[in-house]
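Structural overview
Read off the chains here:
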Amino acid sequence: MLAEVHECDGYPVNWPGAPDAWLTPPSVIGSWVAELDGRTAGHVGLSRSEAGDAAPGLWAARAGVNVDTTAVVNRLFVAPSARGHGVGALLVAQAVRAAQDRGLHPVLDVAASDTAAVALYERLGWQFLATVEQRWSPEQTVTVRCYAAASRR
């Protein structure tokens, strides 16, 4: 399914040499899949902040807390055939609950070019923090939008 999403949407931007390892980075706290009609329909991960993540530091500075109080929502994708059923929103909600259950504030970085993901996070009420440039390699700089989940009331 990840290969299908990459071919359709260009996500992930750079195809990982080891997709299984990309889905389960060492910093992973948890990951979830959604099913629709008995088929895998989507995936989301939740990780501790890693070097290069911008949103955790932005949120921590804004909230006056340590970056260790954040969790990064990542690796979100939905199969093209499963779109329009709310799968992405359900997966994001699961990751947010899992972070909050651990006393962590959910944040994320998303490539600015991924307009569908940006629209989803904004529709779900995520707080825009900043647009930053991230160097993904010596030859590649990517513009990303950083968000934090709305605070619990």
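Look a little higher up for the structure.
Everything in this summary refers to the structure shown in the same document. All residue numbers here refer to positions counted from 1 along the written sequence of the relevant chain. With the structure being a predicted model, the display of local features is reserved for residues of pLDDT at least 70 and the display and counting of side-chain atom pairs for 80 or more, all residues being used for whole-chain, interface and lining totals. The basis for every side-chain value is the complete set of heavy atoms in the structure, and neither hydrogens nor water enter the calculation.

The subject of this paragraph is unusual backbone geometry. A negative phi holds for most residues other than glycine; trans holds for most peptide bonds. A cis amide bond, omega -5 degrees, links Tyr11 with the succeeding residue Pro12. Strands are runs of DSSP state E lasting at least 2 residues, helices are runs of H or I lasting at least 4, and numbering of each runs from the N terminus. Tracing the sequence through the fold places Pro12 in the loop between α1 (2–9) and α2 (19–23). Phi is positive for Arg75, close to 55 degrees, though the residue is something other than glycine.

The next subject is the packing of aromatic side chains. Here is the rule: rings of Phe, Tyr and Trp (six-membered ring for Trp) pair when centre to centre is within 6.5 Å. Planes less than 30 degrees apart are stacked, more than 60 are edge-to-face, and the remainder are tilted. For the coordinates displayed, the defined rule picks out five aromatic pairs. For the ring pair Tyr11 and Phe77, a centre distance of 6.5 Å and an interplane angle of 40 degrees mean the geometry is tilted. Separated by 66 residues along the polypeptide, Tyr11 in the loop between α1 and α2 and Phe77 in strand β3 (residues 70–78) bring together distant segments of the chain. Like Tyr11, the residue Phe77 is buried in the burial classification. Aromatic side chains Phe128 and Tyr147 sit 5.6 Å apart centroid to centroid with 65 degrees between the ring planes, which places their arrangement in the edge-to-face category. Remark: Tyr147 occurs in strand β6 (residues 140–148) and Phe128 occurs in strand β5 (residues 127–137); sequence separation between them is 19 residues. Each residue is placed in one exposure class: buried if its accessible area under a 1.4 Å probe, protein chains only, is under 20% of its type's maximum, exposed if it is over 50%, and partly exposed if it falls in between. Exposure remark for Tyr147: the relative accessible area of 0% places this residue in the buried category.

All right, on to the sheet that holds β3 then. Across a sheet, strands are paired by hydrogen bonds formed along the backbone, either parallel or antiparallel in direction. Only strands joined by at least two bridges in the DSSP assignment are considered to pair. Judged by pairing direction, the sheet is mixed, and its six strands sit side by side in the order β1-β2-β3-β4-β6-β5 without closing on themselves. Edge positions in the sheet fall to β1 (28–36) and β5, since each has one partner strand and no second. Across the sheet, the mean angle separating the axes of adjacent strands is 30 degrees when strand polarity is ignored. By the convention used here, residues are in contact when the closest approach between their heavy atoms is within 4.5 Å. The convention used is that axes are lines fitted to C-alpha atoms, helices contributing only their stretch in contact, and that angles between N-to-C directions extend from 0 to 180 degrees. Each of β3, β4 (105–111) and β6 is contacted by helix α5 (residues 115–123), which is oriented at about 155 degrees to β4, the strand it contacts most.

Here we take up helix α4 (residues 87–101). Expected helix span is given by 1.5 Å per residue-to-residue step, counting one fewer step than there are residues. In a regular helix each residue adds 1.5 Å, so 15 residues correspond to 21 Å; α4 covers 21 Å between its end C-alpha atoms and thus fits that length. For α4, every residue scored as buried is listed here: Val87, Gly88, Leu91, Val92, Ala95, Val96, Ala98, Ala99 and Gln100. Taken together, the buried residues of α4 touch β1, β2 (39–47), β3, β4 and α5. Once α4 finishes, Gly103 follows within two positions and takes phi at roughly 75 degrees, a positive value.

Further remarks concern the environment of Leu120. Structurally, the position occupied by Leu120 is in helix α5. Separated by 31 residues in sequence, Leu120 and Ala89 have C-alpha atoms that sit 7.4 Å apart. Aside from chain neighbours lying at most four places away, what touches Leu120 is Leu76, Gly88, Ala89 and Val92.

For α5, the full list of buried residues reads Ala117, Val118, Leu120 and Tyr121. Taken end-on, α5 shows its buried residues confined to a sector of 160 degrees, consistent with a single buried face. Exposed residues on α5 whose side chains face more than 90 degrees from its buried face are Thr115, Ala116 and Arg123. Looking at the buried residues of α5, the elements they touch are β3, α4, β4 and β6. Looking one or two places after α5, you find Gly125, whose phi comes out positive at around 90 degrees. Note: the arc covers the axis-to-C-beta directions of the helix.

Attention now goes to the pairing of β3. Burial analysis of β3 places nine of its nine residues in the buried class, the great majority of the element. Of the strand pairs in this sheet, β2 and β3 are connected by five bridges, and their pairing is antiparallel. If you follow Leu46 over to β3, its bridge partner there is Val73. As paired elements, β3 and β4 share three bridges and run parallel to each other. Across the sheet, Val72 pairs through a bridge with Val107, a residue of β4. We call a crossover right-handed when, viewed with both strands directed away from the observer, the connection leading from the first strand over the helix to the second proceeds clockwise. On the question of chirality, the crossover connecting β3 to the parallel β4 by way of α4 is right-handed.

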